[in-house]
Amino acid sequence: SPVICWFRQDLRRADNPALLAAANSGAPVICLYVLDDQTPGKWARGGASRWWLHHSLAALDTSLQRLGARLILRRGDAYEVVTGLAKELNAQAVFWNRCYEPFARQRDARIKNDLKDSGTAVETFNASLLVEPWHVTTKDGGPYRVYSPYFRALAPHCDDIAPLPAPSSVTDGSQGVHSDALSSWSLLPSSPDWATGFSPVWTPGEDGARARLETFCEDAARDYADTRNLPGTEGTSRLSPHLHFGEISPRQIWHHAVSHVPAGKGRETFLKEIGWREFSYNLLYHFDDLPESNYQTKFNDFPWNCDEAVFQKWTRGQTGYPIVDAGMRQLWQTGWMHNRVRMIVASFLTKHLLIDWRRGEEWFWDTLVDADLANNAASWQWVAGSGADAAPYFRIFNPVTQGEKFDESGSYVREWVPELAKLPDKYIHTPWTAPADILGRAGITLGRDYPRPIVDHTMARERALAAFSSLKDAA
Ligand code: FAD
């Protein structure tokens, strides 16, 4: 009888312990992917993520075919599908790599119990993290809540990481097993097709991930510490969607970086960012309502403002602050935004506009190709000030000085806010201060071609600080 290899957030062949175990079992293998929109509830995949998933599944199917297998697609509640298929095929074992979303953990525990009760073996593996969250704990066995000591404890575990090879072949067990057609899942947008800007930027799938990693390690990694904050340059790896879908593993990244990038500040800083991802997963694992609730409960009384019209302007990149608008438009057009700008737009939403971080988190969930429950929740709470080891609330980003510092020549703003392209550098981050003749020469009428700021920075900063000090035990 066959074994089932259930693919989830591990859409790759190499360094995939579940696939390797299935291939090595010697039994015919059913490679399965289940589109489960029920279990996650409100965290079912958003639009941009579905675009990625479509292409990633197509790429996985092609690469499994090279090994002699094919991908079986099923849609529905994964509990029903996996236990049902195991029963129908009389499968001897089911293999999968672990997920850490609270709803996935609960579901998987149920599936595991039921399968075992009915005599089907289950083996699960770590394929998505450098180290399992329960293996990095403080001296008293509790979770780390502060990043630096967490990373110091994590790093020694990573020294002798050796990624697993891809299996050289897989005995196909899928003959006669029904698979949905990928197109029947309608994961791609139709009309309007808002994803036309995605394809030129991204190559979903294991080969695309590998190419990104190699290019980054050859070109940008050495200078990463200096260039990672400059949104107008290709200073970061853009591996985040590949990592989210498991087209590449953090073990492969760590191993490749250590063996191909010369030791130094660039490499060290990059590995620390991979460490931030682990830290987010550590937080989500130990505090499972992180995506919904303030980690610091004093924020439960925060006087958020829910002005829908203002929120819409933020989502559309129409706030009148060029660096904010550039970021929001890069997100809409490409499904990704530079990390520095994510921090600026998130700070702007929660502090300048006083809008609840959960609204921003949901918008990102729908529009990011790298939407990731752990990273998104931990990062939003970090910026909002409500998170673990968060930025202190009073550190309110000034969108003008952030723009001037990190996009000095304005190249990022010019790319994403083309109506400002002809403004001289001096005014690119403050168009409302430009004299009328300069605006005229640049072809801009404020309020018509580009908005005036929707909120005054100084007023907004004071209002945010006052809101924070209204909390009972504000530090
Ligand atoms: P690189 O700089 O090349 O870093 C390499 C990898 O390290 C990234 O791919 C990512 O996996 C990890 N990493 C880098 N920075 C962080 C960070 N601050 N926190 C956690 N992991 C990090 N990242 C997501 O993957 N999914 C999200 O949904 C997400 N939402 C975010 C929301 C906000 C408000 C903010 C401020 C950040 C968010 N991030 C998220 C973190 C970060 O912005 C992205 O991981 C990064 O921009 C991805 O680009 P890159 O792959 O070029 O990163």
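As annotated in an unreviewed UniProt entry, the chain is Cryptochrome/photolyase family protein from Glycocaulis abyssi. The Sequence similarities (unreviewed entry) field of the UniProt record for the chain holds the comment "Belongs to the DNA photolyase family."

Helix and strand counts for the chain stand at 19 helices and five strands. A compact globule built from 475 residues should have a C-alpha radius of gyration of about 23 Å, and the chain, at 24 Å, falls within 12% of that. Taking all contacts inside the chain whose residues are at least 6 apart in sequence as the whole, residues at least 24 apart take part in 78%.

Further remarks concern the packing of helix α5 (residues 147–154) against helix α10 (residues 265–286). Where α5 meets α10, the axes come as close as 10 Å, and the angle between the chain directions of the two elements is 105°. If you check the angle between α5 and α10, you find them roughly perpendicular. Side by side, α5 and α10 meet where Y147, Y150, F151 and L154 of the first sit next to K272, G275, W276, E278, F279 and N282 of the second. Across the contact of α5 with α10, the residue classes break down as six nonpolar, two polar and two charged.

This paragraph deals with unusual backbone geometry. The general pattern is negative phi for most residues beyond glycine and trans for most peptide bonds. With an omega dihedral of -5°, the bond running from S191 to P192 counts as a cis peptide bond. Within the secondary structure layout, P192 lies in the loop between α5 and α6 (206–218). The backbone of D389 sits at a positive phi, close to 50°, despite the residue not being glycine. Structurally, D389 is set in the loop between α15 (373–384) and α16 (399–406).

Within the structure, the ligand sits among 27 residues, and T236, S237, N339, N376 and S379 are positioned closest to it. Here the shell around the ligand is composed, by residue class, of 11 nonpolar, nine polar and seven charged. Viewed by domain, the shell around the ligand spans two of them, domain 2 (129–162 + 205–286) and domain 3 (297–469), each represented by three or more residues.

In many analyses, interface size is given as the accessible surface area lost on bringing the parts together. Along its sequence, the chain is carved into domain 1 (3–127), domain 2 (129–162 + 205–286) and domain 3 (297–469). Once you take the C-alpha centre of each, domain 1 and domain 2 turn out to be 25 Å apart. Between domain 1 and domain 2, the residue contacts involve 16 residues of the former and 16 residues of the latter. Along the lines of polarity and charge, the residues of the side of domain 1 that touches domain 2 split into seven nonpolar, five polar and four charged.

As judged from the five bridges shared by strand β4 (residues 93–97) and strand β5 (residues 121–125), these two strands associate in the parallel manner. In the sheet register, N97 faces β5, and the bridge partner there is F125. This β-α-β element, β4 to helix α4 (residues 102–117) to β5, shows right-handed connectivity.

Core analysis: the largest hydrophobic core is formed by 125 residues, its most contacted members being I4, C5, A22, V29, C31, L32 and V94. Once residues lying within four places of it in the same chain are set aside, the contact partners of C31 are C5, F7, L64, A69, R70, L71 and I72.

This part covers helix α3 (residues 78–89). Taking 1.5 Å of rise per residue, 12 residues should cover 16 Å, and α3 covers 16 Å from first to last C-alpha, within 8% of that figure. Those residues of α3 that sit buried are A78, V82, L85 and A86. Angularly, the buried residues of α3 cover 100° about the axis, an arc narrow enough to put them on a single face. Against the buried residues of α3 lie β1 (3–7), β2 (29–35), β4 and α4.

Now for the UniProt feature "domain: Photolyase/cryptochrome alpha/beta" (unreviewed entry) in the chain. Summarizing the sequence annotation, UniProt attributes the feature "domain: Photolyase/cryptochrome alpha/beta" (unreviewed entry) to residues 1–130 in the numbering used throughout. Taken as a whole, residues 1–130 contains 44% helix and 21% strand, while its terminal C-alpha atoms sit 33 Å from one another.

Right, let's talk about the packing of α3 against α4 for a bit. Orientation of α3 relative to α4, taken along the N-to-C sense of each, is 20°, at an axis distance of 10 Å. In terms of axis orientation, α3 runs roughly parallel to α4. In this structure, α3 crosses over α4, and the sense of that crossing is right-handed. Residues A78, Y79, V82, T83 and A86 of α3 form the contact with α4, whose participating residues are R107, R110, I111, D114 and L115. Residues of the contact of α3 with α4, tallied by class, amount to six nonpolar, one polar and three charged.

So, about the sheet that holds β1. An order of β3-β2-β1-β4-β5 is seen for the five strands of this open sheet, with the pairing classed as parallel. Only two strands of the sheet have a single partner each, and these edge strands are β3 (71–75) and β5. Taking the axes of each pair of neighbouring strands and ignoring which way they run, one obtains an average angle of 25° across the sheet. Where β1 lies against β2, five bridges are found, and the strand directions are parallel.

So, how was this worked out
- Residues numbered from 1 in each chain as written.
- Predicted model: local features only at pLDDT ≥ 70, side-chain atom pairs only at ≥ 80, totals over all residues.
- UniProt positions renumbered as here; feature names shortened; annotations may be inferred.
- Helix = DSSP H or I, 4+ residues; strand = E, 2+ residues; numbered from the N terminus.
- Rg over C-alpha atoms; globule rule 2.2 N^0.38 Å.
- Contact = placed C-beta atoms within 7 Å.
- Axes fitted to C-alpha atoms, helices over the stretch in contact; angles between N-to-C directions.
- Parallel < 35°, antiparallel > 145°, perpendicular 65-115°, else oblique.
- Nonpolar A, V, L, I, M, F, W, Y, C, P; charged D, E, K, R; others polar.
- Near = placed C-beta within 6 Å.
- Domains from an automatic or database assignment.
- Pairing = 2+ DSSP bridges.
- Right-handed = clockwise from strand over helix to strand, strands pointing away.
- Core = buried A, V, L, I, M, F, W, Y, C linked by C-beta atoms within 7 Å.
- Buried ≥ 20, exposed ≤ 12 C-beta atoms within 10 Å, placed from the backbone.
- Expected span 1.5 Å × (residues − 1).
- Arc of directions from axis to C-beta.
- Left-handed = near helix turned anticlockwise from the far one by under 90°.

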